[in-house]
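These are the residues of each chain, in order.
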Amino acid sequence: MYKYLKYLVIVALLLCSNITWAQKSVRLNQNWEFLKQDLGGIWEAVRPVGVGNPESVPLWQKVNLPHCVNATDAVDPDVNYYQGPAWYRTQLLVANPYKNGRTILHFEGAGQKTDMYIHTTKVASHVGGYDEWTADITDAVAAFKKSEAYQKQFKGKIPVSIRTDNSRDLEMIPSDLSDFNVYGGIYRYLNLVYTPALYVDKMFVKAETDAQGKVAKLNVKGRFYNPTGLSDATVQLKLLNPLGKVIAKQVKKLTSLDSDLDLWTFQFNKPQLWTVDNPLQYTLSYEITSSAGTYQGEEKVGFRHINFVEKGPFHLNGKRLLLRGTHRHEDHAGVAAAMTEDMIRTEMQMMKDMGVNFIRLGHYQQSKIVLNLCDSLGILVWEEIPWCRGGLGGDVYKQQARTMLKNMIEQHYNHPSIIIWGLGNENDWPGDFPEFDKEKIRTFMKELNNISHEMDASRYTAIRRCDFCADIVDVYSPSIWAGWYRGVYTDYKKASEDEFAKVKRFLHVEWGGDSHAGRHSENPDKALSKIKTGGKADERAGDASLYGGGARISKDGDWSESYITNLIDWHLKEQENMPWLSGTAYWPFKDFSTPVRPENPVPYMNQKGVVERDFTKKESYYVFQSYWIQKPMAHIYGHSWPVRWGDEGEEKMVKVYSNCNEAEIFLNGKSFGIKKRNSQDFPAAGLRWNLPFIKGENTVKVIAKKGNVTVTDEIKFNYQTEKWSKPAKMTLTKISQQDDVATLEVKLFDSNSVQCLDAMNWINFGLTGDGKLLDNLGTSSGARKVQAYNGRATIKVKLNKGKSIASVVSDGIPTVFQEL
């Protein structure tokens, strides 16, 4: 009897636990099938299939979610990326524990048009690839359970089929002229949710303080999902401080549930403020009780005060804060837009570790995971809708833009990190329509600006690069690309001052330039002598092309990491002495794929990131750290530069990027003196030495000090004094192997077998046999077609425990092979 009672208790606890779990999102990650094409109709996804019969084709492949249709073809050098329909299907066990409860599929993002089916019944459709949306499958599931197919064909499971479509469509935003891929697929998490018949659709929590941060005010509004038409409920709310202590409660009876309802207004003194260095968050917990049952939830909020001073800097909680920013695209090697939570967390932590306190999310609403991390890490946010390039479409186009703006504001309203709602990007860029009417664009921009202010008066509006709309929004960013698309980087401060004078509030987002990871230069600023100085520093149509037009670094420069570190170094040292500056955002943090740059050194990649598409840090990452972080660091430039070159006895510059007060350099064990850091002593803030390398292997070490803390760094490299002519031959070598993955390196030599250390030839890797090239990653070492960096290139091969033959082809040079 005792054992029987014990068993009942365990079952009861499990049932209670299941009910608690059930109203939460359960990620549907596994057991999916995928088809990269369209079907003749939904019946083809669910009809009975006999093995070997005609119904067994087309063939589906097994995948996990999140999944992007363009995981690899976005950077395939030989094709245009796929834009069209694709299908996903699975079978679910659906058992809602709530009496008359609702069963919901919650999409965190799928691109770009989505249709969702239960068996053959279309339950929901959605347009837009970046906002969240839900499909209530309750009624369709109930109807299907009555069918014969439910038990006989599907054995008590529910067939779910989802069609995504990223086909080109001029009446959709973003434009396909945009400098990023318009991806397809279920590339964010998809969740199964069980709820009572009445639950909270959205809870809008406004947390604000006075300018001094002494008095806090909380305002809570609720929106309910109530498909069965209940009229009575009770809501209980609690506000918990950052330590989890309840500081206020509210109980309210509701007799109307049809519209957004005011639930609570509360004021208190001495709030713990949300800051970028100490992002303290309060928790609003709530419980809704009705005849349908109880629904619980919580929202994180932060109390802070923001102010973009007119004709001045940015203030957070009454104090000036220089916004030190970057940008993020939802894109990663091997998965494209389908980044996992772990990948997103790694990326955001890397940004914070670089010293970032501000981010512009380009150019669309991003995952709530990103926003939650910005809240908890202390990163302020400009988030925008994807009205990007192409001009202005018709009524369908404009309605989509309105809907996207409203969804973005409502879905991310509670995040303390958000300070700006972005309304557009490069809206001065025509091309999608025969008509390009500036006044019509202005009229629609005014409408979006009004919508944003009506929905959320507590945040600012902004756009980037559309001068004829600059007066409409609260904050404007012009296009300033000094030293890349126009002019030289020493033009930066003057260009910024000129643009600052034209607008009410100035914030400079997008600056920088491309760098081919692993490519270095002994004379990185050589091309600057050809560049006209003193003019406008904006990007113009055609500047991104590597063909034609006037002299500019983006076309005529060497795309080396050496040049970009100098450009970044100059910008950062200038920003320290611009007291009127609200801030800037470097474009972007990570290299990302784009359909409009097929000729770049890694084809179809925008290579302006400070890390590669797989998180590999470039040298420029450390330049930012040397200006932006407090934790002592020191980094010798050149960790990915295995061979330097010059004359025998020639002194060569070695740069150390560090935030330490002083540093001492050692070459091959000998000290070459201590230098003091001075941020205005360009380059490398004065931490640079001219050293006499010896022919062959050299070792450089730095010891840097900041207060009582000492940090060190060391690099080894060869110094080549032999001169070379044009590349005439190649070698292909396996330079390492870890487990079943080998790394291959190709090197280019002249006819006298001297390595050509400035060679930029195109390299094409091939493989036949059991192995597989690890390519289509969009990185300098993960592309089968890539420009050489300093006369070499590498790629990895998955050997699959077999034999293969690798090849390298480069125009005008004999092809080489290597047996693996």
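Residues numbered from 1 in each chain as written. Predicted model: local features only at pLDDT ≥ 70, side-chain atom pairs only at ≥ 80, totals over all residues. Heavy atoms only, no water.

(A) Quick look at helix α7 (residues 395-411). An ideal rise of 1.5 Å per residue puts 24 Å on 17 residues; α7 measures up with 24 Å between its terminal C-alpha atoms. Among the structural elements, β7 (121-127), β23 (380-384), β24 (418-425) and α8 (438-455) are those in contact with the buried residues of α7. (Helix = DSSP H or I, 4+ residues; strand = E, 2+ residues; numbered from the N terminus. Expected span 1.5 Å × (residues − 1). Contact = heavy atoms within 4.5 Å.)

(B) Inspection of the sheet that holds strand β22 (residues 358-361) at higher detail. Taken in spatial order, the eight strands of this open sheet run β26-β25-β24-β23-β22-β21-β28-β27, and their pairing is parallel. In the strand order of this sheet, the two ends are held by β26 (475-477) and β27 (508-509), each with one partner. In the sheet, β23 pairs with β24 via four bridges, with the strands oriented parallel. Paired with V381 across the strands is I418, a residue of β24. (Pairing = 2+ DSSP bridges.)

(C) Layout of the side chain of R360. The residue R360 is located in strand β22 in this model. Residue classification places R360 among the buried positions, given a relative accessible area of 0%. Among the polar contacts listed, one links the side chain of R360 to the side chain of N425, at a separation of 2.8 Å. For R360, the residues in contact, after removing those within four places along its chain, are T326, H327, R328, W382, E384, N425, R464, V509, E510 and W587. (Buried < 20%, exposed > 50% of the residue type's maximum accessible area, 1.4 Å probe, protein only. Polar contact = N/O pair within 3.5 Å; in protein donor to acceptor, adjacent residues only side chain to side chain.)

(D) Molecular detail of the packing of aromatic side chains. A full pass over the atoms with the stated rule returns 42 aromatic pairs. When the centroid spacing of 4.5 Å and the interplanar angle of 40 degrees are considered together, the rings of F500 and W580 count as tilted. With F500 in helix α9 (residues 492-500) and W580 in the loop between α11 (561-575) and β28 (583-585), the pair connects residues that are 80 residues apart, well separated along the chain. Judged by its relative accessible area of 14%, F500 falls in the buried class. On the accessibility criterion, W580 (17% relative accessible area) is buried. (Phe/Tyr/Trp six-rings, centres within 6.5 Å; stacked < 30°, edge-to-face > 60°.)

(E) How the structure looks around the layout of surface pockets. What the second largest pocket holds in volume is close to 570 Å³. In terms of lining, the second largest pocket is formed by 22 residues, of which the most central are V276, D277, L321, R324 and N357. Sorting the residues of the lining of the second largest pocket by element identifies β20 (319-320), α5 (341-354) and α12 (620-628) as the ones contributing at least two each. Residues belonging to the lining of the second largest pocket are distributed by class as follows: eight nonpolar, six polar and eight charged. (1 Å grid on protein atoms, 1.4 Å probe; cavity = no way out; pocket = protein on both sides within 12 Å on 5 of 7 lines; lining within 4 Å. Points joined across faces, edges and corners; volume = space filled by probe spheres on them. Nonpolar A, V, L, I, M, F, W, Y, C, P; charged D, E, K, R; others polar.)

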